[in-house]
Structure formats: C-alpha cells, structure tokens
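Here is how the chains run, residue by residue.
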Amino acid sequence: MAAEWGPIKLITALKGAAVKDFPLPKAAVTLKASQTPQEAHHTLLLGNVQSAPVWDDARKKWIGMLDMRDLVDAIVWEHTEPDRQAIHGLVEPSKFVQRMLEASADMRGIPHSGLTLLSLIRRQGFQCLPETATLEDVTSLMVQKSCHRVAIVNGAQELLNIISQSVIIKFLNDHMQELGDFGKHSVGAASCGTSPVLTVKTTSSILDAFRVMATHDITGVAVVDDDGKLVSSTSANDLKEFLRDPTTSLELPVVDFIAKVRQRGLKARHSATSVEGDSTMSDVIATLATAKGHRLYVTEKGKPRAVVSLTDILRFAYNTSFAEASAPVDVSCGKSQ
C-alpha cells in the first residue's frame, strides 16, 4: 500500500483520537439559565475562567456560552458616553461587574431589571457533539461554526468534556512527527493569519486597547513602540484578571496596566509571543502549545506583519487536509485577531 501523504496522515491521526480519551478539565465551570447575570459572572470569577456553558433546566439542554469578553463593550461605552458617572472608587469586583451589567442594559435600551442571563449568552458560540466523536469531528465543527470550544455530551445531555482549540493544538504538536509534510509549510507562504495587525502604542491607555477590541470585535491587540516594533499584547485574559480586582486605573498606559494585572494574577509575562515569517507551521504550533497562548505575531525586523490565532491554525489544518481530501469548504485563513 502506498504511503499516506501529509493531509491523509493528519485526517487519520485526528480520526483516531476519540474525545472520550481526553480528560475533563479540572473543576469545569457551568452555569444555569436561572442565575442572575451578577451571579453568573461571580461564578466565572471564582472559577478563574473566561467563559462557561449555560444549562436550561426548563428545556433540559445546553443553550449557549456566557463570555466575560462581552463586558469589554460595556466598559468602553461606560467610559465614552457623556453624562455617565465616573466609576472610580467602585473597587469591589461585584460592584464593578454590577455597574458594567447596568451599562450593558443601558446600551440595549432596556431596564436594568430586564437584563437576564438569556439576553447575554452567545448561542451561536456553543456547539455540542456526542461522546462517540473524534478530534476530526471537533476540528471540522470548530472551523465551520467559528467556535473556540465544543462540548461533549451523552444521550442524557450530561456534560462529559469541553474540548478547546488549545487541546487540538497540543495534539498536533505532540504528533507533528507523524503528520508528514503538514508542518513544513512556512507561515509566510501559507498566508495563515490576519494582516494588517491592529495595534496600539505603548503610551496608549488600556481603555484605548479595549476600544480597539470592541470596535473590531477581536479578543487581542498588539502593543508597539514609536518605531512600530512589537513590545507586548493585551487580550481578554487581562480583562479577566482586572475584573478579579478592578482597582487598576483604566487610564494607565497599556504596558503599565498589563504589568500590574499579570503580576497580580501570577502571570508576570510582558512580551508578546512571536515568530519570523520564514518559521514553519510546526514552529508556530510548537510555540503556541508551549506558551499556552491563543495567538502569536509574525514579525519582520521586529514589526508585526500578521497575527495568527488558534482559529487560523485550525483553518490551515482544514485547508491542507479535509478540504484537499474531500469536498472543498470555504474556510479561508485570516478572519480573526
């Protein structure tokens, strides 16, 4: 029998990986539709997670995801709209989150009492697969539905696992030697990622960075110096650390804000993850797997030329395997930062 070529090897590896063999993330956080928005966000903060699936007892099914990133819009709106009262001094996490939820209601033009968990959750961002699924099934669903996590449930709708993009990236990295030519493409030649890169200056406030994220509906932004060279990056993870103790001023320069919240969260990382344009896809995947990050920057002489997210990596894997070995699907790279 002829040796399998790269894409077929990738498909074979993903098909052979049953989701039931992957351990459930410790202390998986879940929410109930009956919770108030305040209670649900408090649960996220206690669980130190950015998002969680929501269960509806009445319908006996999982109905969506609550994502802390959605508070970015409210934070920006609260600090931008005229006649809004200053929130300095509301330093307790519960009070700050409550104020941002009230801002979310005001943005929607509804009474504060009318803001429910059902009105906040992301229904399209939550997808389920049965316990018989493989990583091929998960990868295909993530690419076609643009979701970052897939829930694994049994016939009784009990949650068995949540497979994230990071799980698949780690799997690809662990099995790279078995995947033939898959990882030999250069990231530049593969045109994998988004360009131009959205940036803020080191002297910009963190509020300016959040404003860029909210305006462009992205989860991270690069931080550059006056010469345009990559210095750091900020993302929704920094927002999560901030909400755990919202005492840091949002008017601080972004690099100072990052240093404070990451040190407080025992994540005193400052520089952004990056590679050069001639790096291979296996280098990119190994770097992301090691850093446990969600994106990296492709640089040229220190300047960010493209940003590659986990979503971009999965789309690339799909394009070079599933789409070549079966019917083509429009899953082009470069749709997310």
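Source: prediction; values computed, not measured.

**Student:** Would you take a moment to explain the packing of helix H3 (residues 71-80) against helix H4 (residues 93-108) for this structure?
**Tutor:** Think of two packed helices as two axes; the pair is described by the angle between the axes and how far apart they sit. Here H3 crosses H4 at 85°, and the two axes come no closer than 9 Å. If you check the angle between H3 and H4, you find them roughly perpendicular. Along its contact with H3, which presents Leu71, Asp73, Ala74, Ile75, Trp77 and Glu78, the element H4 presents Phe96, Arg99, Met100, Leu101, Ala103, Ser104, Asp106 and Met107. Taken together, the residues of the contact of H3 with H4 break down into 9 nonpolar, 1 polar and 4 charged.

**Student:** How do you make sense of the packing of aromatic side chains when you look at a structure like this?
**Tutor:** The geometry of two aromatic rings is summed up by the distance between their centres and the angle between their planes. Enumeration according to the criterion identifies 4 aromatic pairs in this entry. In this structure an aromatic cluster arises from ring pairing among Phe96, Phe210, Phe242 and Phe257.

**Student:** Please explain the sheet that holds strand S4 (residues 127-130) as it appears in this structure.
**Tutor:** Within a beta sheet, neighbouring strands are joined by backbone hydrogen bonds and run either parallel or antiparallel to one another. Taken together, 3 strands build an open sheet; the order of strands is S4-S5-S6 and the sheet is mixed. Single-partner strands in this sheet number two, and they are S4 and strand S6 (159-164). Between one strand axis and the next, the sheet turns by 30° as a mean value, whatever way the strands run. Here 5 bridges tie strand S5 (residues 149-153) to S6, and the two strands are oriented antiparallel to one another. In the sheet register, Ala151 faces S6, and the bridge partner there is Ile162. Relative to S4, helix H6 (residues 135-145) is tilted by about 160°, and along the sheet it contacts S4, S5 and S6.

**Student:** Explain the sheet that holds strand S3 (residues 61-67) here, please?
**Tutor:** Strand order in the open sheet formed by 3 strands is S1-S2-S3, and the pairing between neighbours is mixed. The open sheet is flanked by strand S1 (31-32) and S3, the only strands paired with a single partner. By the bridge criterion, 6 bridges tie strand S2 (residues 51-56) to S3 in an arrangement that is antiparallel. Paired with Ala52 across the two strands is Leu66, which belongs to S3.

**Student:** Honestly, helix H7 (residues 165-174) in this entry has me stumped. Any pointers?
**Tutor:** Because the α-helix completes a turn every 3.6 residues, residues three or four places apart line up on one side. Of all the positions in H7, only Gln165, Ile168, Ile169, Phe171 and Leu172 are classed as buried. Down the axis of H7, the sector holding all buried residues measures 160°, keeping them to one side.

**Student:** Honestly, unusual backbone geometry in this entry has me stumped. Any pointers?
**Tutor:** Phi is mostly negative for residues that are not glycine, and the peptide bonds are mostly trans. With omega at 0°, the peptide bond leading from Ser195 into Pro196 counts as cis. Tracing the chain through its elements places Pro196 in the loop between H7 and strand S7 (199-201). Positive phi, close to 55°, is recorded for Asn48, a residue that is not glycine. Inspection of the secondary structure assignment puts Asn48 in the loop between helix H2 (37-47) and S2. Despite not being glycine, Lys292 has its phi angle at roughly 55°, a positive value. As for its placement among the helices and strands, Lys292 is situated in the loop between helix H11 (281-291) and strand S11 (295-300). Residue Lys292 is classed as exposed on the basis of its relative accessible area, which comes to 71%.

**Student:** What exactly am I supposed to notice about the pairing of S11 here?
**Tutor:** Regular strands show a simple pattern: their side chains alternate between the two faces of the sheet. For S11, the buried fraction is high: 5 of the 6 residues fall into the buried class. With 3 bridges connecting them, strand S10 (residues 274-276) and S11 associate as parallel partners. What sits directly across from Ser274, in S11, is Tyr297. The β-α-β motif built from S10, the intervening H11 and the parallel element S11 has right-handed crossover chirality. Relative to strand S12 (residues 303-309), S11 is paired through 6 bridges, and the arrangement is antiparallel.

**Student:** Just checking my understanding: could you explain the pattern of salt bridges for this structure?
**Tutor:** A pair can form between side chains of opposite charge whenever their charged atoms are brought close. A full pass over the atoms with the stated rule returns 10 salt bridges. With its nearest N and O atoms 3.6 Å apart, the salt bridge here joins Lys32 to Asp57. Residue Lys32 is found in strand S1, and its partner Asp57 is found in the loop between S2 and S3; the two are separated by 25 residues along the sequence. Residue Lys32 is classed as partly exposed on the basis of its relative accessible area of 41%. Two residues, Asp238 and Arg262, come together in a salt bridge whose shortest N-O distance is 2.8 Å. Residue Asp238 is located in helix H9 (residues 236-244), and its partner Arg262 is located in helix H10 (residues 254-264); the two are separated by 24 residues in the primary sequence. On the accessibility criterion, Asp238 (2% relative accessible area) is buried.

Calculation rules
Residue numbers run consecutively from 1 along every chain, following the written order of its sequence. With pLDDT at 70 or above as the cut-off, local features in this predicted model cover only qualifying residues; side-chain atom pairs require 80 or more to be listed or tallied, and sums for whole chains, interfaces and linings still use all residues. As a convention, hydrogens and water are excluded, and side-chain values are obtained from all of the structure's heavy atoms. Here the axes come from fitting lines to C-alpha atoms, over the contacting stretch only for helices, and the angles between their N-to-C directions go from 0 to 180 degrees. Segments assigned H or I by DSSP are reported as helices when at least four residues long, segments assigned E as strands when at least two residues long, and all are numbered from the N terminus. Oblique is the label for any angle not under 35 degrees, not over 145, and not in the 65 to 115 range, which are roughly parallel, roughly antiparallel and roughly perpendicular in turn. Here, two residues are considered to be in contact whenever any of their heavy atoms come within 4.5 Å of each other. Note on residue categories: nonpolar means Ala, Val, Leu, Ile, Met, Phe, Trp, Tyr, Cys or Pro, charged means Asp, Glu, Lys or Arg, and polar means any other residue, Gly included. Pairs were defined over the aromatic rings of Phe, Tyr and Trp, the Trp ring being its six-membered one, requiring ring centres within 6.5 Å. Orientation was assigned from the angle between planes: stacked under 30 degrees, edge-to-face over 60, tilted for the rest. Each pair of strands is called paired provided DSSP finds at least two bridges between the two strands. Under the scheme applied here, a residue whose accessible area is under 20% of the maximum for its type counts as buried, over 50% as exposed, and between as partly exposed, the area being computed with a 1.4 Å probe on protein chains only. Directions from the helix axis toward the C-beta atoms define the arc. The path from the first strand over the helix to the second decides the hand: if it runs clockwise while the strands point away from the viewer, the crossover is right-handed. Salt bridges, as used here, are contacts in which a Lys or Arg side-chain nitrogen is within 4 Å of a carboxyl oxygen on Asp or Glu.

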